[in-house]
There are 2 protein chains.
Amino acid sequence: MLEEIREQPEALERTLKAELRGAEKLRARFEKERPRFVVLAARGTSDNAAQFGRYLIEIVAGIPVSLAAQSVSTLYKVSLRMEGGLVAAVSQSGESTDTNVVLEEAKKHGAFTIGITNESSSTLARIADHAILVRAGKEKSVAATKTYTGQLMAFYLLAWALGADLDIDDLRRLPALAAAALKLEDEVAARAERYRFMDHAVVIGRGLNYANAFEWALKLMETSYIVAERFSQADILHGPIAMVDQSFPVFLLAPPGVTAPVMRELADKLDGLKAETLVLTDRSNNLAPKGALRIPASLAHKPKRGRAALPADLYTPIPYIIPAQMFAAKLAAVKGLNPDQPRGLSKVTRTL
Amino acid sequence: MLEEIREQPEALERTLKAELRGAEKLRARFEKERPRFVVLAARGTSDNAAQFGRYLIEIVAGIPVSLAAQSVSTLYKVSLRMEGGLVAAVSQSGESTDTNVVLEEAKKHGAFTIGITNESSSTLARIADHAILVRAGKEKSVAATKTYTGQLMAFYLLAWALGADLDIDDLRRLPALAAAALKLEDEVAARAERYRFMDHAVVIGRGLNYANAFEWALKLMETSYIVAERFSQADILHGPIAMVDQSFPVFLLAPPGVTAPVMRELADKLDGLKAETLVLTDRSNNLAPKGALRIPASLAHKPKRGRAALPADLYTPIPYIIPAQMFAAKLAAVKGLNPDQPRGLSKVTRTL
């Protein structure tokens, strides 16, 4: 798992380089006919990547996006009216039964379909109208890491193809940002020690980093068997905050930008409850509390002259998940568990 | 809380009776111009009701539905292209800042808007093009119960207005089904005792009862401070199942119909892991395991001749949440907590 975490900068570079041409073709296609809505279908880590894709596409391309309720197709056998829609399925293996069913159904009912997968010869790559290949190289660890960030990269390309005013040069800098996050490995290892006996936790994100809260929590569940909840900064205030008492462990993703003030407000509220908070941020967020784990780079996006005013946290999700992945791997080690072989899981899970 | 739980049959009857006329008008409107997609915006318990509405509308009306990512409007200030869409906001008080912002934004950008609220003179009721009033009577307990089932009733009316072939006579039977579920109160109280020292749990649902898994978990978090996760039957298999070991408490919603076989499969898998499962079902599910908590009524829906073949679990969500609400209230009592006054919460929460 740690090896695959460390491979991420080069994997990201490979994805971008190889998939840019295909994204250009997509962009030309969508210029002629822009999808009226987007539906994303996935499970597990890929579903968390889809959650990111959902925020990204809405925020930078302005098209309404929905995460598919897959049982509607697979169990209830209902066909939705999909004319004018774009449906994208995300699956590391490309062999998820349910997401493939959703994609085929959508195709039959008028949607243009995209498959985002790490396996070029998979069913998903074959049945989709267009495949975006993650090209992370074989992922051996059951806990997905490099395919997750590769899927995030695929979503940047998809959002750009959908008309977002992203600068490809900014995407080219993402591998370097991932490398900056990897520098935290020793600090993360030192911090993980303290959590040896943690058995539950809450992870909080918001906006573009909401998906990372799901992914951090999933990594804690898979590798360290933590009962890890995940909420948006707003949702935890609507009820779940009641369960937080003294010493309750809470992990917060606190990037620069529009979510920074509300995340700081929540961190202060949690301090008031004497919860045990760990805030992940970078050098550019002046609102992060003291003691935060800081990625040693300034990640706030500053748009160039003549470009759309895109949000400051636009390029934080890839570097921000990396310390979280390392934390889960290190914590598993501290707990004497093998993060590469979570109990009861296999690499490909088939559900309906 | 218990008093309000017991009021549900009469509250549901009141909602249906008073709102049917308005739903007829909506139905006539949508017959002329059917929405191309639906977006639902809410927080907390109302968001769980929206999750139900999402499955219901897709399954019985065939229109793609999305749960709004509210920060896109409130924090990132992005306007989505909403022409031809229907946007519904759900809020007990009608004073949720964020859902009201989403609704106003959507209205400005071409959507038809609906407000589902318990307060007729609220901001939400005033700004929406059409209001569906829950009419549950004043809800005093912080943990919402009767407004949740009232919101589910509102969604049946909305789905019908959107062209679903529901039989209003079936909706008229829902208060009686709720009354049947209330008969479990003593059995629920007896079962709650066993969970005195439970501090974490997982609740599992699927399809039309997926929302109830969120709501059951939320009630456990709010009233009994349980770290309660919630997953679909498929999603738990994609990673989180790793955290389930001997004695891990899992609650399953197992209605009759298309989800029954996969829920039974999961219950058997959990038994193999020696987890502590509590299965909620009714008399009509032959696939439920022995020892399940059974609502004393046959809830499987059987369509009348000449009507669309609607799913067997169509009318289970309202009666199924009631034993879960009672369980949370009884467990709080067993733990010596006051379910009406969860720590750190107030009745109206304002977030952005």
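See the structure printed just above.
If you're wondering where the values come from, they're calculated on a predicted model, not measured in any experiment.

## Examining the packing of helix H10 (residues 185-192) of chain B against helix H14 (residues 317-334) of chain B
Residues and elements named next belong to chain B.
Part 1 of the argument: At their nearest, the axes of H10 and H14 sit 9 Å apart, and the two run at 45° to each other. When the axes of H10 and H14 are compared, the pair comes out oblique. In this structure, H10 meets H14 at a crossing whose hand is right-handed. Counting all contacts with H10, which are made through Glu185, Val188, Ala189, Arg191 and Ala192, the residues of H14 involved are Pro323, Met326, Phe327, Lys330, Leu331 and Val334.

## Some points on the relation of the copies chain B and chain A
Part 1 of the argument: Overlaying chain B on chain A yields an RMSD of 0.0 Å, the required transformation being a rotation through 180° with an accompanying axial translation of 0.0 Å. In the structure described here, the two chain copies are related by an operation that fits a two-fold rotation axis. Closest to the rotation axis within chain B is the C-alpha of serine 66 of chain B, separated from it by 2.3 Å.
Part 2 of the argument: When the interface residues of chain B are mapped onto chain A, 100% of them again lie at the interface, so the same face is used by both copies.

## Considering the interface of chain B and chain A
Interfaces are often sized by the accessible area lost when the parts come together.
Part 1 of the argument: Opposite the 67 residues of chain B that make contact, chain A presents 67 residues.
Part 2 of the argument: A buried area of about 5500 Å², summed over both sides, lies between chain B and chain A, and 59% of it is on carbon and sulfur atoms.
Part 3 of the argument: Three residues stand out in chain B for area buried against chain A, namely Tyr76, Val227 and His238 of chain B, and they jointly supply 13% of the buried area on that side.
Part 4 of the argument: Run the count over chain B and chain A and you get six salt bridges.
Part 5 of the argument: As a salt-bridge pair, glutamate 229 of chain A and arginine 230 of chain B come within 3.1 Å of each other at their nearest N and O atoms.
Part 6 of the argument: If you look at where chain B meets chain A, you find 25 residue pairs in polar contact (both at pLDDT 80 or more).
Part 7 of the argument: Looking at the side of chain B that touches chain A, the elements with two or more residues in it are helix H3 (44-61), strand S2 (65-67), helix H4 (71-74), helix H11 (210-224), strand S7 (227-232) and helix H12 (233-237) of chain B.

## Brief notes about the pairing of strand S8 (residues 249-253) of chain A
Residues in a regular strand point their side chains to alternate faces of the sheet.
All names here are of chain A.
Part 1 of the argument: Across the five residues that make up S8, a large majority, five, are buried.
Part 2 of the argument: In S8, alternate side chains face the same way, and those of Pro249, Phe251 and Leu253 on one face and Val250 and Leu252 on the other are all buried.
Part 3 of the argument: Summarising the sheet, strand S6 (residues 200-205) and S8 pair through three bridges and their orientation is parallel. Looking across to S8, one finds that valine 202 is bridged to valine 250.

## A few points about the side chain of threonine 149 of chain A
Residue and element names in this part refer to chain A.
Part 1 of the argument: Locating threonine 149 in the fold gives a position in helix H7 (residues 146-161).
Part 2 of the argument: For threonine 149, a relative accessible area of 0% translates into the label buried.
Part 3 of the argument: When near neighbours in sequence (up to four residues on either side) are disregarded, threonine 149 contacts Gln8, Leu12, Ile318, Ile321 and Gln325.

## Details of the packing of H11 of chain B against H14 of chain B
All names here are of chain B.
Part 1 of the argument: Two elements in contact, H11 and H14, have axes whose closest approach is 9 Å; the angle formed by their N-to-C orientations is 15°. Our classification of the angle between H11 and H14 gives roughly parallel. When you trace H11 past H14, the crossing you get is right-handed. Of the residues in H14, those touching H11 at Asn212, Glu215, Trp216, Lys219, Leu220, Thr223 and Ser224 are Pro317, Tyr320, Ile321, Ala324, Phe327, Ala328, Leu331 and Ala332.
Part 2 of the argument: Tallied by class, the residues present in the contact of H11 with H14 amount to 10 nonpolar, three polar and two charged.

Thresholds applied
Every chain is numbered independently, its residues counted from 1 as its sequence is written. In the order they appear in the text, chains get letters beginning with A and ligands get numbers beginning with 1. This being a predicted model, a pLDDT of at least 70 is required before a residue's local features are given, and a value of 80 or more before pairs of side-chain atoms are given or counted; all residues contribute to the totals for chains, interfaces and linings. Remark: hydrogens and water are excluded; side-chain values derive from all non-hydrogen atoms of the structure. Axis definition: a line fit to C-alpha positions, over the contact stretch in the case of helices; interaxial angles, taken between N-to-C directions, run 0 to 180 degrees. For the purposes of this entry, the term helix denotes a DSSP run of H or I that reaches at least four residues, the term strand denotes a run of E that reaches at least two, and both are numbered from the N terminus. Roughly parallel covers angles under 35 degrees, roughly antiparallel covers those over 145, roughly perpendicular covers 65 to 115, and oblique covers all other angles. Here is the rule for handedness: rotate from the far helix to the near one, and if that takes an anticlockwise turn smaller than a right angle the crossing is left-handed, while a clockwise turn gives right-handed. The criterion used for residue contact is that any of the two residues' heavy atoms lie within 4.5 Å. Fitting of the copies onto one another was done by least squares over C-alpha atoms, counting residues only where both copies have pLDDT of at least 70. As used here, buried area is the combined drop in accessible area, with a 1.4 Å probe, of two parts when they are placed together. Here a salt bridge means any side-chain nitrogen of Lys or Arg lying within 4 Å of a carboxyl oxygen belonging to Asp or Glu. Two N or O atoms count as a polar contact when they lie within 3.5 Å, although within protein this holds only if one can serve as hydrogen donor and the other as acceptor, and sequence-adjacent residues are included solely when both atoms are side-chain atoms. Only protein chains enter the area calculation, which uses a 1.4 Å probe; residues under 20% of their type maximum are buried, those over 50% are exposed, and those in between are partly exposed. Pairing between two strands requires that DSSP report at least two bridges joining them. Gly is put with the polar residues, along with every residue not named as nonpolar or charged; the nonpolar set is Ala, Val, Leu, Ile, Met, Phe, Trp, Tyr, Cys and Pro, and the charged set is Asp, Glu, Lys and Arg.

Read these as layout, nothing more, since geometry by itself doesn't imply function.
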